[in-house]
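In case you want the letters, here they are:
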Amino acid sequence: MNVKAAIFDMDGTLVDSLMVWDVLWSKMGETYLKDKTFRPSAEDDKKVRTLILADAMNLIHNNYSLGKSGEELLQLTNDFMKDFYANTVTLKKGVREFLDYCKAEGVKMCIASATAPDLIAVALEHCGIENYFSKIFSCAEVGKGKEEPDVFLKAWEYFGERLEETWVFEDSPVAIKTAAKIGIPTVGIYDAYNFGQAEVKELATEYIADGESLLKLI
């Protein structure tokens, strides 16, 4: 790998957090349906994970008639996730050591996440890794999810390095496919709670498999 700049996803890549969706669906089901077993369809569950959170909650409201509006679901979700990121979320194995390595090697680092910027900040501070990253890029601020390349292009332009020396670290097949389409090399990262792991492995330039960590790249 020839890396001068690294664009990191947060959930499922740096932090072990994707189980939060299963807990959130149970909370919504209990709140609105008196049914903790509520789950959206596999297609919708997959889709919301790369959408802007407001768009994701509008989708859930419209498709399942939960709450009075998408805005109501968004408020519930924001409150729930803020507590989770402030008190529960943990780093994935090897992440801190890998960030230390990148810092020592002079690799520029930023975050590019579908999560809202205030929640990203809470999670990074809770895990003690906020000082590794010079910039946070959120799909919520860009206005498009990772099915579009905008957030990656903004991060690349910010760094100003050659495209082939700017790497994207992701656990989502949607995001990896998007990055690959614009020529950014990728590191695909296994996460037990994400969809499409076979596709992640197939599409990524480098792959971190189950039981491995980012330290594999050192």
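Procedures and definitions
Residues numbered from 1 in each chain as written. Predicted model: local features only at pLDDT ≥ 70, side-chain atom pairs only at ≥ 80, totals over all residues. Heavy atoms only, no water. Helix = DSSP H or I, 4+ residues; strand = E, 2+ residues; numbered from the N terminus. Rg over C-alpha atoms; globule rule 2.2 N^0.38 Å. Buried < 20%, exposed > 50% of the residue type's maximum accessible area, 1.4 Å probe, protein only. Lys, Arg positive; Asp, Glu negative; His and termini not counted. Charge placed at Lys NZ, Arg CZ, Asp CG, Glu CD. Pairing = 2+ DSSP bridges. Axes fitted to C-alpha atoms, helices over the stretch in contact; angles between N-to-C directions. Contact = heavy atoms within 4.5 Å.

Caption draft 1: The overall build of the chain, seen in detail. Tallying secondary structure elements over the chain gives 10 helices and 8 strands in all. For a compact globule of 218 residues, the expected C-alpha radius of gyration is about 17 Å, and the chain comes in at 17 Å, within 12% of that figure. Principal-axis analysis of the C-alpha atoms places the extent of the chain at approximately 50 × 35 × 30 Å. A burial count over the chain gives 50% of its 218 residues as buried. For the chain, the separation between the mean place of its 24 positive charges and that of its 36 negative charges on side chains is 0 Å.

Caption draft 2: Quick look at the sheet that holds strand 8 (residues 206–208). Pairing is parallel in the open sheet, where 6 strands are placed in the order 5-4-1-6-7-8. Every interior strand has two partners, whereas the edge strands, strand 5 (136–138) and strand 8, have only one. Each adjacent strand pair in this sheet contributes to an overall mean axis angle of 20°, direction not counted. One ladder, built from 4 bridges, connects strand 1 (residues 5–8) with strand 6 (residues 166–170); its direction is parallel. Of the residues in strand 6, the one forming a bridge with Ala6 is Trp167. This element, helix 6 (residues 117–127), spans strand 4 (108–113) and strand 5 of the sheet and lies at about 140° to strand 5.

Caption draft 3: Expanded view of unusual backbone geometry. A positive phi angle is found at Lys34, which is not glycine, with a value near 55°. With a phi angle near 55°, Ser65 is a residue other than glycine that sits in the positive phi range. Considering the arrangement of structural elements, one finds Ser65 in the loop between helix 3 (53–64) and helix 4 (70–87).

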